[in-house]
Amino acid sequence: MEKKGFFHRFFDLYYEGFRNMRLGKTLWTVIAIKLFIMFAILKVFFFPNFLKQHAGNGGEADFVSKEIVERAE
């Protein structure tokens, strides 16, 4: 009887589980598409790079420190 390591048994468990899925493959595809939409597409339109717009090139640290000091007062 061959003794397998933890990582090999861990991989076999998930490999066999995903290989025998029917509905699960579709659900994982939907999850992957939703994550792509959230992180790739929505980020571009709803989360602009605020520092790039308000601080000069290389002046990000100065801008942030100035904003922190002004807001703390």
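Quick summary incoming for the structure in this document. (Residues numbered from 1 in each chain as written. Predicted model: local features only at pLDDT ≥ 70, side-chain atom pairs only at ≥ 80, totals over all residues. Heavy atoms only, no water.)

1. Here we look at the packing of aromatic side chains
The relative placement of two aromatic rings is captured by the distance of their centres and the angle of their planes. One pass over the full model with this rule turns up 4 aromatic pairs. Note on F6 and F7: the rings are 5.4 Å apart at their centroids and 70° apart in plane angle, and the pair reads as edge-to-face. The same class applies to F6 as to F7, namely exposed. Assessed through its relative accessible area of 53%, F6 is described here as exposed. Through a chain of ring-to-ring contacts, three or more aromatic side chains come together here, namely F6, F7, F10 and Y14. (Phe/Tyr/Trp six-rings, centres within 6.5 Å; stacked < 30°, edge-to-face > 60°. Buried < 20%, exposed > 50% of the residue type's maximum accessible area, 1.4 Å probe, protein only.)

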